[in-house]
Amino acid sequence: MLASVLKSETAVSVSIRIMDAFVEMRRMLIALTPVTQMLNELQQKQMLDQAKNEERFAQIFAEFGKLEIPMQGVFYEGQLWDACSLVEKLITRAKVTILLIDNWVGAGTLDMLAKKNSGVAVEIVTSKRGCKLAESDIAKFNTQYPT
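This one's a predicted model, so the numbers in the text were calculated from it and none came from an experiment.

Student: What's the story with the overall build of the chain in this structure? I'm lost.
Tutor: Scanning the chain from N- to C-terminus turns up five helices and two strands. For the chain, the α and β elements follow one another from N to C terminus as α-α-α-β-α-β-α. Across its three principal axes, the chain shows a C-alpha extent of roughly 115 × 30 × 30 Å. Sequence-distant contacts, at least 24 apart, represent 51% of the contacts inside the chain between residues at least 6 apart. A total of about 12400 Å² of accessible surface is found on the chain, and carbon and sulfur atoms cover 61% of it.

This is the structure we're talking about:
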């Protein structure tokens, strides 16, 4: 290579070092072959696992889509959010009529009922003692959300 063109001692020395570097690079590549092979196997395994996991997630989300909102529930002290959440889901699912029997009707109840679909009739059965709504509140609600 370089030594054949220049024919000097330095050129010969540099050519020998270049050849030594290539020999060392070849040894390193041979030594790294098992590591490269292992990385390729890991990559293939990861791709298979990823495909399986995507399939599993698709099945899980499909099952979540099938879940129905329960029509009733038992709630204990401190589970007010869960109870209100279920009531609101039931209100938004109603198609014709909502019959609410509750001794403690207030403005919060009307706020939840405002989320009903249009055309859904609401009937509230309550007692005078527990009702915190004035006739004017009910009239205002009925003006905006008829039936």
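Student: Mind showing me how you'd approach the pairing of strand β2 (residues 121–125) here?
Tutor: The side chains of a regular strand alternate, first on one face of the sheet and then on the other. Sheet topology places strand β1 (residues 97–101) next to β2; five bridges connect them, and they run parallel. Paired with Leu99 across the bridge in β2 is Glu123. Handedness of the crossover joining β1 and β2 through helix α4 (residues 107–113) is recorded here as right-handed.

Student: What should I look at first to understand the nonpolar core in this one?
Tutor: By size, the foremost hydrophobic cluster in this structure holds 10 residues: Ile91, Ala94, Ile98, Val105, Leu110, Met112, Leu113, Val120, Leu133 and Phe141. Looking at which element gives the most residues to this core, the answer is α4, with three residues. When sequence neighbours within four positions are dropped, the list of residues in contact with Val105 reads Ile124, Thr126, Gly130, Cys131, Lys132 and Leu133.

Student: I'm lost on the pattern of salt bridges in this one. Help?
Tutor: Taken as a whole and assessed by the stated rule, the structure comprises three salt bridges. For Glu88, the salt bridge is made with Lys115, and the minimal N-O distance between the two is 3.1 Å. On the criterion of sequence distance, the pair formed by Glu88 in helix α3 (residues 80–93) and Lys115 in the loop between α4 and β2 is long-range, its members being 27 residues apart. Lys115 sits in the partly exposed class, given a relative accessible area of 44%.

Student: Help me understand the confidence of the model for the chain, please; the structure alone is not making it clear to me.
Tutor: Any segment with low pLDDT has predicted coordinates that should not be analysed in fine detail. Chain-level statistics for the chain give a pLDDT mean of 85 and a share of 95% at 70 or above. Summarising per-element confidence for the chain, the mean pLDDT is lowest in helix α1 (residues 2–6) (56) and highest in β1 (89).

Student: Sorry, what's going on with a nonpolar patch on the surface here?
Tutor: Judged by side-chain polarity, Leu32, Val35, Met38, Leu39 and Leu42 come together as a nonpolar surface patch covering roughly 450 Å² of accessible area. Position of Val35 relative to the elements: it lies in helix α2 (residues 9–66).

Student: Teacher, can you tell me more about the packing of aromatic side chains here?
Tutor: Aromatic ring pairs are defined here through the distance separating the ring centres and the angle between the ring planes. Across all of its chains, the model carries two aromatic pairs by this definition. Arranged with centres 5.1 Å apart and planes meeting at 35°, the rings of Phe141 and Tyr145 form a pair that is tilted. By relative accessible area, which is 12% here, Phe141 ends up buried. Note on Tyr145: relative accessible area 26%, which makes it partly exposed.

Student: I'm lost on α3 in this one. Help?
Tutor: Spacing of three or four residues puts side chains on the same side of an α-helix, whose turn is 3.6 residues. In this model, α3 (14 residues) spans 20 Å end to end at C-alpha, consistent with the 20 Å of a helix rising 1.5 Å per residue. Regarding α3, the residues found buried are Ala83, Leu86 and Ile91. Taken down its axis, α3 places every buried residue within 140° of arc, on the same side. In this fold, the buried residues of α3 make contact with β1 and α4.

Cut-off values and rules
Sequence positions are assigned chain by chain, starting from 1 and proceeding in written order. Given that the model is predicted, a residue must reach a pLDDT of at least 70 before its local features are reported, and side-chain atom pairs must reach 80 or more before they are shown or counted; all residues, however, enter totals for whole chains, interfaces and linings. Each side-chain value is derived from all of the structure's non-hydrogen atoms; neither hydrogens nor water enter the calculation. Think of it this way: any DSSP run of H or I at least four residues long counts as a helix, any run of E at least two long counts as a strand, and we number them from the N terminus. Any two residues whose heavy atoms approach within 4.5 Å are treated as being in contact. Here the Shrake-Rupley method, with its probe set to 1.4 Å, supplies the accessible areas, and only the displayed protein chains count as covering residues. At least two bridges found by DSSP between two strands are what make those strands a pair. A clockwise course of the path from the first strand over the helix to the second, judged with the strands pointing away from the viewer, identifies a crossover as right-handed. Residue types Ala, Val, Leu, Ile, Met, Phe, Trp, Tyr and Cys, when buried and joined through side-chain atoms within 4.5 Å, form a set referred to as a nonpolar core. Burial classification: accessible surface area is computed with a 1.4 Å probe over protein chains only, and a residue below 20% of its type maximum counts as buried, one above 50% as exposed, and the rest as partly exposed. One side-chain nitrogen of Lys or Arg within 4 Å of one carboxyl oxygen of Asp or Glu is enough to make a salt bridge. As a per-residue measure, pLDDT reflects the predictor's confidence and takes values from 0 up to 100. To count toward a patch, a residue needs a relative accessible area above 30% and no salt bridge. Like charges then connect within 9 Å, nonpolar side chains (Val, Leu, Ile, Met, Phe, Trp, Tyr) within 5 Å. Stacked, edge-to-face and tilted labels apply to pairs of Phe, Tyr and Trp rings (six-membered ring for Trp) whose centres lie within 6.5 Å, assigned for plane angles under 30 degrees, over 60, and everything in between, in that order. In this scheme, a helix's expected span is set at 1.5 Å multiplied by one less than its residue total. The directions from the helix axis to the C-beta atoms form the arc being described.

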